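# Chains, contacts and geometry: an overview
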Amino acid sequence: MKKVTRLGIVVALAGAGLLATLPEAKALGFRNADQGAAATAQGEAFIAQADDASAVYYNPAGLVQLTGTHVAGGSYLLFREIDFTGATTAKMDKFDFLPHLYAAADFGLEKWRFGLAVNAPYGLSIDWGENSQFQYVVTSAKLTVLNFAPTAAYQFNEHLSIGASLNVYYGDTVQKFHYSPLLPGSRFQFDGNGTGLGATVGLMWRINDQHTLAAVYRSPFSIDMHGTAKTSNAGPFTTAGDASAGFDFPQSVAVGYAFRPTKKWKLEVDIDWTNWGVLNTVRLQSANPVFAGDPRSTIPFNWKDSFFYEFGTQYDLDEHWTLRGGYIFSENTVPDSTFSPLVPDSDRHVFSVGFGYRSGRFEGNLTYQYSLSENRTVPGTGALGPTVAGKWESDAHAIMFTSAIRF
């Protein structure tokens, strides 16, 4: 009972802190793959290892490797730069942070483990300012999806384990743009929020001390964002009213293989498929004809499915220090026909290095990550025409830390 109470208090306090610092996240599409410093340092090639509390997110089946009670938390600190060169130029420099929290406990049981994740697996944050050539498409936008995931895992034998999470999602979004060039100073804004449900299932098969296979499935889910749309300083068209927009989020499947040449050294490769093809069109629904009749109330995505190819390694120098490195190739999800400054995606190369330190009940991990998007030239033949036609370049630097304590 003391373990249950202590775990509940820690999770409640840390969860409140996470909500108080609600993140603005980066986008891979707009899926946030970086949810733990140890995993991120290995290029997210972690589902066949998943041997810390972040297993609640990466692969619930990995929880069976933990004993006692573990609580871990940290943050992903990101600086992005996006450059556009077309009929005019535009530049966005932005700093964001993305916290995460995990808890896991065995409650004295031999084969069962239980856990909880509070993190933000989807989100985007864009701010082009008030004067870019995109001002009548978007000046700023934010989408944050929090995931609350109670989790259970079961170990069938020394080789095979399975885990599952119920994902309770809370979404919040804001979109802003200039309303009309005929009404200088006019603005549009939509604020909405909503909830959704999904599930995650993970499997881990430890063939022997050297070879491990794993698979993780995340279900699709939808969130209807209910809120208010309004215009301001738009003369006779200034108005406000109830509005909503439905977002479809993709299912994903990841498979991984870990090889340990020695007890101290691990190599892993994962392949992660995301079903972005479900994201077709987002429509702003409103009884107010001012909003319903605006062509910008319909945002075409028509994205395509894509893969992450993830490679990572971990080496234990001694009982205290661990070194890690990784690489990800992330496929572009956004076709030219619906390319938008909301999500200026392209093929991406992500490099990471990090280290961990363990002493007694404490463990800390620190990671540096560099993300380089391949230069992309967008023709003026898509839905936004010459507005987005030109050359797009971007890169990002990130620091991630995760601290954990074991009771």
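In what follows, the structure referred to is the one given above.
Residues numbered from 1 in each chain as written. Predicted model: local features only at pLDDT ≥ 70, side-chain atom pairs only at ≥ 80, totals over all residues. Heavy atoms only, no water.

## Some details on the overall build of the protein
Across its full length, the protein carries 4 helices and 18 strands. Relative to the globule expectation of 22 Å for 407 residues, the C-alpha radius of gyration of the protein, 22 Å, shows essentially globular dimensions. Projected onto the principal axes, the alpha-carbon positions of the protein cover approximately 70 × 45 × 30 Å. Looking at the protein residue by residue over its 407 residues, the buried ones come to 52%. Here the analysis covers contacts within the protein between residues at least 6 apart in sequence; of these, 68% occur between residues at least 24 apart. (Helix = DSSP H or I, 4+ residues; strand = E, 2+ residues; numbered from the N terminus. Rg over C-alpha atoms; globule rule 2.2 N^0.38 Å. Buried < 20%, exposed > 50% of the residue type's maximum accessible area, 1.4 Å probe, protein only. Contact = heavy atoms within 4.5 Å.)

## A few points about the pattern of salt bridges
Scanning all chains against the criterion turns up 10 salt bridges. A salt bridge links Glu268 to Lys266; the shortest N-O distance between them is 2.9 Å. Accessibility classification places Glu268 together with Lys266 in one group, the buried group. Residue Asp345 pairs with Arg348 through a salt bridge whose shortest N-O separation is 3.5 Å. Given a relative accessible area of 9%, Arg348 falls into the buried group. In the salt-bridge network here, residues are joined through shared partners; they are Arg80, Lys94 and Asp96. (Salt bridge = Lys/Arg side-chain N within 4 Å of Asp/Glu carboxyl O.)

## Let's talk about the environment of Asn280
Turning to its location among the elements, Asn280 is positioned in the loop between strand E11 (265-274) and strand E12 (281-285). A C-alpha to C-alpha distance of 10.0 Å links Asn280 and Thr338, two positions 58 residues apart in sequence. If near-sequence neighbours (up to four positions away) are discounted, Asn280 is found in contact with Ile299, Pro300, Phe301 and Asn302.

## Thoughts on a nonpolar patch on the surface
A cluster of nonpolar side chains, contributed by Trp265, Leu267, Tyr315, Leu317, Trp321, Leu323, Val353, Phe355, Leu366, Tyr368, Ile399 and Phe401, occupies part of the molecular surface with about 1,000 Å² of accessible area. At the level of elements, E11, strand E15 (321-330), strand E16 (348-359), strand E17 (362-378) and strand E18 (390-406) are the ones that each hand at least two residues to the nonpolar patch. Structurally, Phe401 can be placed in strand E18. On the accessibility criterion, Phe401 (36% relative accessible area) is partly exposed. (Patch = residues over 30% accessible without salt bridge, like charges linked within 9 Å, V, L, I, M, F, W, Y side chains within 5 Å. Areas by Shrake-Rupley, 256 points an atom, 1.4 Å probe, with all protein chains shown as cover.)

## Examining the nonpolar core
Ranked by size, the top nonpolar core spans 43 residues in total, and within it Phe30, Trp128, Phe249 and Trp392 carry the most contacts. Discounting residues that sit within four places of it in the chain, Phe249 has contacts with Phe30, Tyr122, Leu143, Val145, Pro220, Phe221, Ile223 and Val278. Ranked by size, the runner-up nonpolar core spans 20 residues in total, among them Val64, Tyr102, Ala104 and Ala117. (Core = buried A, V, L, I, M, F, W, Y, C linked by side-chain atoms within 4.5 Å.)

## Some points on the environment of Gly163
Mapped onto the secondary structure, Gly163 falls in strand E5 (residues 160-178). Judged by its relative accessible area of 3%, Gly163 falls in the buried class. Taking the C-alpha atoms as reference, Gly163 lies 14 Å from Ser219; in sequence the two are 56 residues apart. In contact with Gly163, other than residues within four places in its own chain, are Pro60, Ala61, Ala152, Ala153, Thr200, Val201 and Gly202.

## Digging into the side chain of Ser340
Structurally, Ser340 is set in the loop between E15 and E16. Given the relative accessible area of 13%, Ser340 is considered buried. In terms of polar contacts, Ser340 uses its side chain to reach the backbone amide nitrogen of Leu342, at 3.0 Å. (Polar contact = N/O pair within 3.5 Å; in protein donor to acceptor, adjacent residues only side chain to side chain.)

## Description of the packing of aromatic side chains
All chains considered together, the criterion is met by 29 aromatic pairs. Between Phe30 and Phe249, the aromatic rings sit 6.0 Å apart at their centres with planes inclined by 80°, giving edge-to-face as the arrangement. One end of the pair, Phe30, is in the loop between helix H1 (2-20) and helix H2 (37-41); the other, Phe249, is in strand E9 (residues 240-249), with 219 residues separating them in the sequence. An aromatic cluster is built from Phe30, Tyr122, Tyr169, Phe221, Phe249, Trp276, Phe301 and Trp303, whose rings are joined through pairwise contacts. The ring centre of Tyr57 lies 4.2 Å from the NZ or CZ of Arg218, which sits over that ring. (Phe/Tyr/Trp six-rings, centres within 6.5 Å; stacked < 30°, edge-to-face > 60°. Lys NZ or Arg CZ within 6 Å of the ring centre and 35° of its normal.)

## Some remarks on the environment of Gln210
In this fold, Gln210 is placed in the loop between strand E6 (187-206) and strand E7 (211-218). For Gln210, a relative accessible area of 33% corresponds to the partly exposed category. Considered as a pair, Gln210 and Tyr154 are 56 residues apart in the sequence and their alpha carbons are 22 Å apart. Other than its neighbours up to four places away in sequence, Gln210 contacts Ala258, Phe259, Arg260 and Pro261.

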